[in-house]
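# Commentary on secondary and tertiary structure
Below are the chains, spelled out letter by letter.
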Amino acid sequence: MKDCEIVIHGGTPFQLDVKDLQKELFDPTIKGTENFLEAVLKTPEIEKVIFIASVAAYNTSFPFLPAGKKSR
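Residues numbered from 1 in each chain as written. Predicted model: local features only at pLDDT ≥ 70, side-chain atom pairs only at ≥ 80, totals over all residues. Heavy atoms only, no water.

### Some thoughts on the overall build of the protein
Looking only at helices and strands, the protein features one helix and two strands. Its helices and strands in sequence order give the protein the pattern β-α-β, from N to C terminus. Counting contacts in the protein only where the partners sit at least 6 residues apart, residues at least 24 apart contribute 68% of the total. (Helix = DSSP H or I, 4+ residues; strand = E, 2+ residues; numbered from the N terminus. Contact = heavy atoms within 4.5 Å.)

Given below as structure tokens:
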């Protein structure tokens, strides 16, 4: 983040096919956000932090199904 004034954090892994919500979604979301915020605190050049709920917010073709999955 060195030399950045604005950073964007897409806080949640984007997966449609998960078996263990805690391990595959919740834990990475929490730990990733903690790591991100620690890095922000160590980077005095940052003036603005933007959070989005998920990288899926950027996916204009949502929803795509995982490979091999069919809609019901």
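### With respect to the pairing of strand β1 (residues 6-10)
Within a regular beta strand, the side chains point alternately toward one face of the sheet and then the other, so they alternate between its two faces. A one-sided burial pattern is seen for β1, the buried positions being Val7 and His9 and the unburied ones Ile6, Ile8 and Gly10. Pairing analysis gives five bridges linking β1 to strand β2 (residues 48-52), with the strands arranged parallel. Across the sheet, the residue bridging to Ile8 is Ile50, located in β2. (Buried < 20%, exposed > 50% of the residue type's maximum accessible area, 1.4 Å probe, protein only. Pairing = 2+ DSSP bridges.)

### Some thoughts on the confidence of the model for the protein
Detailed conclusions should not be drawn from predicted coordinates in areas where pLDDT is low. For the protein, per-residue confidence averages 79 on the pLDDT scale, and residues scoring 70 or more make up 68% of the total. The secondary structure element of the protein with the lowest average pLDDT is β1, at 87, and the one with the highest is helix α1 (residues 21-41), at 89. (pLDDT = per-residue confidence, 0-100.)

### Overview of unusual backbone geometry
Although it is not a glycine, Asp3 sits at a positive phi angle of roughly 70°. Within the element layout of this structure, Asp3 appears in the segment before β1. On the accessibility criterion, Asp3 (62% relative accessible area) is exposed.

### Regarding the side chain of His9
By the secondary structure assignment, His9 is in strand β1. Here His9 is in contact with Gly32, Thr33, Phe36, Ile50, Phe51 and Ile52, once residues within four sequence places are set aside.

### Topic: a nonpolar patch on the surface
A contiguous nonpolar patch, built from Ile6, Ile8 and Ile50 and spanning about 260 Å² of accessible area, is present on the exposed surface. Counting through the fold element by element, Ile50 comes out in strand β2. (Patch = residues over 30% accessible without salt bridge, like charges linked within 9 Å, V, L, I, M, F, W, Y side chains within 5 Å. Areas by Shrake-Rupley, 256 points an atom, 1.4 Å probe, with all protein chains shown as cover. Salt bridge = Lys/Arg side-chain N within 4 Å of Asp/Glu carboxyl O.)

### Let's talk about α1
Counted at 1.5 Å a residue, the expected span for α1 with its 21 residues is 30 Å, and the 29 Å between its end C-alpha atoms agrees. Maximal helix bending in α1 amounts to about 30°, located at Asp27; proline Pro28 follows within four positions. Leu25, Thr29, Phe36 and Val40 are the residues of α1 that are buried. If you follow the buried residues of α1, they end up packed against β1 and β2. Here α1 starts with a cap whose side-chain oxygen sits 3.2 Å from the backbone nitrogen of Gln22, and that cap is Asp20. (Expected span 1.5 Å × (residues − 1). Bend = angle between axes of the 7 residues up to and from the residue. Polar contact = N/O pair within 3.5 Å; in protein donor to acceptor, adjacent residues only side chain to side chain.)

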